[in-house]
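Each chain, letter by letter, is given below.
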Amino acid sequence: MIRRYNKEDISRIVALEKENLLSSLEEEFYFLNLDNPFAYHYVLMEQEEIIGFVSSIFDGNLLEILNLVIDKKYQSKGYGTRLLKEVFVELMSKGLKRVILEVRESNTKAKALYSSLGFKTISIRYSYYANKENALVMQKEL
């Protein structure tokens, strides 16, 4: 099941970020965004457990994906694809035309997922991350 997040989900979201991304947008960000009409954060549930989530900002036309995380034991099983496709379908009914995101140049799993969904690299942000790794900016037109 996929649903919008709520305040009870925030500690699990941050834990997933830290376990899988080694960084987090932090709890304060998610608490502040609970009432933000542009924040579209979704959790992916499997047997009453949050196994993934996507945090994003949507302005009625452009969706910017901030973070997408699937718990390591559920990766490479189609959950990320399912989550993104369901979010895209929901937001297309609200005017979604384009999706943009950044991904670490070394993150081959994520790049493969995004490419399989039709994302194209449109630019590179050099030394973007704290460890000086480049970020690929990817975009999908709907």
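Everything numeric in this text was worked out from a predicted model, so none of it was measured.

Chemist: Break down helix H3 (residues 79-92) for me, citing the residues and quoting the values.
Modeler: For the α-helix, the turn length of 3.6 residues means that residues three or four positions removed from each other point alike. For H3, which comprises 14 residues, the first-to-last C-alpha distance of 20 Å matches the rise-based estimate of 20 Å (1.5 Å per residue) to within 8%. What H3 keeps buried is the set Tyr79, Gly80, Leu83, Leu84, Val87, Phe88 and Leu91. The arc enclosing the buried residues of H3, seen along the axis, measures out at 165 degrees, which places them on a common side.

Chemist: A description of the confidence of the model for the protein chain should follow, citing residues and the corresponding values.
Modeler: Low-pLDDT portions of the prediction should not be read for the details of their coordinates. Within the protein chain, residue pLDDT values average 95, and 100% of them lie at 70 or more. No element of the protein chain has a lower mean pLDDT than helix H1 (residues 10-21), which averages 93, and none a higher one than strand E6 (residues 120-125), which averages 98.

Chemist: Now, about the environment of Phe53: what can you tell me, with residues and values included?
Modeler: Tracing the backbone shows Phe53 in strand E3 (residues 49-58). Residue Phe53 is classed as buried on the basis of its relative accessible area, which comes to 1%. Here the alpha-carbon distance between Phe53 and Ala135, two residues 82 residues apart in the chain, equals 20 Å.

Chemist: How would you sum up the environment of Lys111? Please name residues and give values.
Modeler: Among the structural elements, Lys111 can be located in helix H4 (residues 108-116). Sequence-distant contacts of Lys111, defined by excluding residues within four places in its chain, comprise Val103, Arg104, Glu105, Leu136 and Met138.

Chemist: I'd like to hear about the pattern of salt bridges, residue by residue, with values.
Modeler: Any two side chains of opposite charge can pair, so long as their charged atoms come close to each other. Applying the stated criterion across every chain yields a total of eight salt bridges. A salt bridge links Glu49 to Arg12; its shortest N-O distance comes to 3.6 Å. Here Glu49 is found in strand E3, whereas its partner Arg12 is found in helix H1, with 37 residues between them in sequence. Residue classification places Arg12 among the partly exposed positions, given a relative accessible area of 22%. Note that Lys18 and Glu26 form a salt bridge whose closest N and O atoms lie 3.5 Å from each other.

Chemist: An account of the side chain of Asn67 is needed here, citing residue identities and associated values.
Modeler: Relative to the helices and strands, Asn67 is located in strand E4 (residues 62-70). Not counting the four nearest positions on each side in its chain, Asn67 is found in contact with Glu17, Leu21, Leu25, Tyr30, Phe53, Val54 and Ser55.

Chemist: Outline the pairing of strand E7 (residues 135-141), supporting the account with residue identities and numerical values.
Modeler: E7 sits mainly inside the fold: six of its seven residues count as buried. Where E6 and E7 come together, five bridges link them in antiparallel fashion. Note on E7: the bridge partner recorded for Arg125 is Ala135.

Chemist: Lay out H1 in plain terms, naming residues and giving numbers.
Modeler: Taking 1.5 Å as the rise per residue, H1 with 12 residues should run 16 Å; its terminal C-alpha atoms sit 16 Å apart, in good agreement. Turning to H1, its buried residues number three or more, namely Ile10, Ile13, Val14, Leu16, Glu17 and Asn20. Buried positions in H1, seen along its axis, are confined to an arc of 160 degrees and lie on one side of it. Of the surrounding secondary structure, the elements contacted by the buried residues of H1 are helix H2 (26-32), strand E2 (39-46), E3 and E4. Downstream of H1 by one or two residues, Leu22 has phi in the positive range, about 65 degrees.

Chemist: So what's going on with the sheet that holds E7? Residues and values would help.
Modeler: Strands sit in the order E1-E2-E3-E4-E5-E7-E6 across an open sheet of seven strands; the sheet is mixed. The sheet is open, and its two edges are formed by strand E1 (2-4) and E6, each paired on a single side. Between one strand axis and the next, the sheet turns by 25 degrees as a mean value, whatever way the strands run. Summarising the sheet, strand E5 (residues 98-104) and E7 pair through seven bridges and their orientation is antiparallel. Its bridge partner being in E7, Arg98 is matched across the sheet by Glu141. Sheet strands touched by H3: E1, E2, E3, E4, E5 and E7. Its angle to E4, the strand with the most contacts, is close to 155 degrees. Across the sheet, H4 touches E4, E5 and E7, and the angle it forms with E5 is around 160 degrees.

About the criteria used
- Residues numbered from 1 in each chain as written.
- Predicted model: local features only at pLDDT ≥ 70, side-chain atom pairs only at ≥ 80, totals over all residues.
- Heavy atoms only, no water.
- Helix = DSSP H or I, 4+ residues; strand = E, 2+ residues; numbered from the N terminus.
- Expected span 1.5 Å × (residues − 1).
- Buried < 20%, exposed > 50% of the residue type's maximum accessible area, 1.4 Å probe, protein only.
- Arc of directions from axis to C-beta.
- pLDDT = per-residue confidence, 0-100.
- Contact = heavy atoms within 4.5 Å.
- Salt bridge = Lys/Arg side-chain N within 4 Å of Asp/Glu carboxyl O.
- Pairing = 2+ DSSP bridges.
- Axes fitted to C-alpha atoms, helices over the stretch in contact; angles between N-to-C directions.

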